[in-house]
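Survey of secondary and tertiary structure
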Amino acid sequence: MRFTIQSFLEAKAKKEKITMLTAYDYSMSKIIDEGGVDAILIGDSLGMVVQGYESTLEVTLEDMLYHCKSVARGAKRAMLIGDMPFLSYHISITEAVRNAGRMVQEGKVHAVKLEGGRSMVETIKAIVHAQIPVMGHLGLTPQSIHTLGGFKVQGKDEVKAKALIEDALTLEEAGVFGIVLEAVPEGLAQLICEKLHIPVIGIGAGKYCDGQVLVINDMLGIYSDFTPKFVKQYANLKVNINDAVSNYIEEVKTQRFPEAKHTFSMDGELLEKLYEEKRRQS
Ligand code: KIV
């Protein structure tokens, strides 16, 4: 059975931890869906880990739609949440609703995620009014990287901690079904989780969150340009891939690949006839 926004709320009520990972393509989506993850986030982190940009700001709505569609074809059980990219929900509320609608209609996601606190309330309400579930994203919001001055822990002083609490309560009131809380001290994240009735999915926000999310390329050790403190590497696929590529090069150069089992055969007489013609022509 598909994990839904009701499953999110039930998990919070039953104190069951929610698991979420990012994916950007069909094959990975299928693997992690079969692995049993509750939700798959098609994150705009794709700008960094798939497209090779320095931030998420370059990602377009068309990019997101392409990757959402690919992921959707691979997942049968997980709830699919698509990130609204930079500028797709900032210009006007009308545009935000239209773009969120495209994410659902064309991208086949079940919900959208957008970054920001109180300033996003009217936008969130309008998208929710269009029957599109919205997930919030507070704390370190990578689309505000230039305003925040870098990838830094958020909510450490009293003013910022109180602002974060206020933002979380306001988003809940506006109708989001959950909030991603990124790079926030554990104690503050715990307090926010206790105050809210909706689940808080942490990334760099400690163990008391109602669930956790990680970027798949980080946790599998594929993306090595920059590894935040909060990432746990559950595998080191970069090493495995390097080994596989070296073995492949070695075997091709020394003619150990391909072997008979990788090769197609044909009728011997026909082949001899073709060689005979070749000899006559030369
Ligand atoms: O884009 C993304 O992958 C995200 C996660 C870091 C939560 O927003």
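The coordinates are above.
Notes on the structure in this doc start here. (Residues numbered from 1 in each chain as written. Predicted model: local features only at pLDDT ≥ 70, side-chain atom pairs only at ≥ 80, totals over all residues. Heavy atoms only, no water.)

1. Thoughts on the packing of helix α8 (residues 158-174) against helix α9 (residues 186-195)
Angle between the axes and distance between the axes are the two parameters that describe a pair of packed helices. The condition that has to hold: An axis is simply a line fitted to the C-alpha atoms; with a helix, the fit covers only the stretch in contact. Between two such axes, the angle follows the N-to-C directions and lies from 0 to 180 degrees. Helix and strand assignments come from DSSP, with helices taken as H or I runs of at least 4 residues and strands as E runs of at least 2, each series counted from the N terminus. When an angle is under 35 degrees it counts as roughly parallel; over 145 it counts as roughly antiparallel; between 65 and 115 it counts as roughly perpendicular; any other value is oblique. Crossing handedness follows the turn of the near helix against the far one: under a right angle anticlockwise gives a left-handed crossing, and clockwise gives a right-handed one. Contacts are assigned to residue pairs with any non-hydrogen atoms lying within 4.5 Å of each other.
Between α8 and α9, whose axes approach to 10 Å, the crossing angle comes to 30°. By the angle class used here, α8 and α9 are roughly parallel. Crossing of α8 over α9 shows right-handed handedness. Listed contacts from α9 to A161, L164, I165, A168, L169 and E172 of α8 are L188, L191, I192 and K195.

2. Some words on the environment of Y89
This is how it is decided: Contacts described as polar in this section are N or O atom pairs within 3.5 Å, which, within protein, must combine one atom able to donate a hydrogen with one able to accept it, while residues neighboring in sequence count only if both atoms come from side chains.
With respect to the secondary-structure elements, Y89 resides in the loop between β3 (79-83) and α5 (93-105). Along the chain, Y89 and I127 lie 38 residues apart, while their C-alpha atoms are 9.9 Å from each other. Contact partners of Y89, with chain neighbours within four places excluded, come to M84, A96, L114, E115, M120, T123 and Q143. Separated by 3.1 Å, the side chain of Y89 and the backbone nitrogen of E115 make a polar contact. A polar contact is formed between the side chain of Y89 and the side chain of Q143, at a distance of 2.7 Å.

3. Quick notes on the side chain of E115
For the record, the criterion: Here the term buried applies to any residue with accessible area under 20% of the maximum for its type, exposed to any over 50%, and partly exposed to those in between, with areas from a 1.4 Å probe on protein chains only. Positive charge is attributed to Lys and Arg, negative charge to Asp and Glu, and no charge count is given to His or to the chain ends. Only one rule defines a salt bridge in this text: a Lys or Arg side-chain nitrogen within 4 Å of an Asp or Glu carboxyl oxygen.
Within the fold, E115 resides in strand β4 (residues 111-115). Within the buried set, E115 has no salt-bridge partner at all; the shortest N-O distance to an opposite charge, 4.8 Å, is to K113. Residues in contact with E115, not counting those within four places in the same chain, are D44, Y89, M120, H137, T141, P142, Q143 and S144.

4. Quick look at the site of the ligand
As a reminder, the rule being used: Proximity criterion: a residue is near a molecule or strand once any of its heavy atoms comes within 4 Å of it. Here the Shrake-Rupley method, with its probe set to 1.4 Å, supplies the accessible areas, and only the displayed protein chains count as covering residues. In this classification, Asp, Glu, Lys and Arg are treated as charged, Ala, Val, Leu, Ile, Met, Phe, Trp, Tyr, Cys and Pro as nonpolar, and every other residue, Gly included, as polar.
Neighbouring the ligand are 13 residues; G43, D44, S45, D83 and K113 lie closest to it. S45 places a side-chain nitrogen or oxygen 2.5 Å from an oxygen atom of the ligand. Alone, the ligand offers 260 Å² of accessible surface; in the complex the protein occludes 95% of this. A breakdown of the residues in the shell around the ligand according to their chemical character gives five nonpolar, four polar and four charged.

5. Concerning the pairing of β3
Formally: Strand pairing is assigned whenever DSSP identifies at least 2 bridges connecting the two strands.
Judged by how many residues are buried, β3 sits mostly within the fold: five of five residues are covered. Going residue by residue along β3, you find M79, I81 and D83 tucked away on one face and L80 and G82 tucked away on the opposite face as well. Of the strand pairs in this sheet, strand β2 (residues 39-42) and β3 are connected by four bridges, and their pairing is parallel. Bridge pairing in β3 links L41 to I81.

6. Focus: the nonpolar core
In plain terms, the rule: Nonpolar cores were defined as sets of buried Ala, Val, Leu, Ile, Met, Phe, Trp, Tyr and Cys residues, with membership established by side-chain atoms within 4.5 Å.
With 61 residues, the main nonpolar core has I40, M103, V112 and I192 as its most contacted residues. The contact partners of M103, leaving out residues within four places of it in the chain, are L61, M64, L65, C68, G82, D83, M84, K108, V109 and V112. Membership of the second largest hydrophobic core comes to 16 residues, among which are F8, I18, M79 and M135.

7. A word on the sheet that holds β4
On the basis of which strands lie adjacent, the closed barrel formed by eight strands has the order β1-β2-β3-β4-β5-β6-β7-β8 and parallel pairing. Strand after strand, the sheet turns through a mean of 25° between neighbouring axes, direction not considered. Its contacts with the sheet put helix α1 (residues 5-13) on β1 (18-22), β2, β3, β5 (134-139) and β7 (200-203), and the angle it makes with β3 is roughly 100°.

8. Observations regarding helix α11 (residues 237-253)
For the record, the criterion: Each residue after the first adds 1.5 Å to the expected span of a helix.
For α11, which comprises 17 residues, the first-to-last C-alpha distance of 24 Å matches the rise-based estimate of 24 Å (1.5 Å per residue) to within 8%. Following α11 by one or two positions, Q255 has its phi on the positive side, about 60°.

9. So, the packing of aromatic side chains
Centre distance and the angle of the planes are the two values used to describe a pair of aromatic rings. The following threshold applies: Note on aromatic contacts: the rings of Phe and Tyr and the six-membered ring of Trp form a pair at centre separations within 6.5 Å, being stacked when their planes are under 30 degrees apart, edge-to-face when over 60 apart, and tilted otherwise.
Scanning the model with the defined rule gives four aromatic pairs in all. Between F8 and F177 the ring centres are 5.1 Å apart and the planes differ by 85°, which places this aromatic pair in the edge-to-face class. Remark: F177 occurs in the loop between α8 and β6 (178-182) and F8 occurs in helix α1; sequence separation between them is 169 residues. Accessibility assignment for this pair places F8 and F177 in one class, buried. Seen in terms of ring centroids, F151 and F226 are 5.8 Å apart; in terms of plane orientation they differ by 35°. Their pairing is tilted. With F151 in the loop between α7 (145-148) and α8 and F226 in the loop between α10 (216-219) and α11, the pair connects residues that are 75 residues apart, well separated along the chain. With a relative accessible area of 36%, F151 lands in the partly exposed category. Relative accessible area serves as the criterion here: at 40%, F226 is assigned to the partly exposed category. One aromatic cluster is present, formed by F3, F8 and F177 through successive ring pairs.

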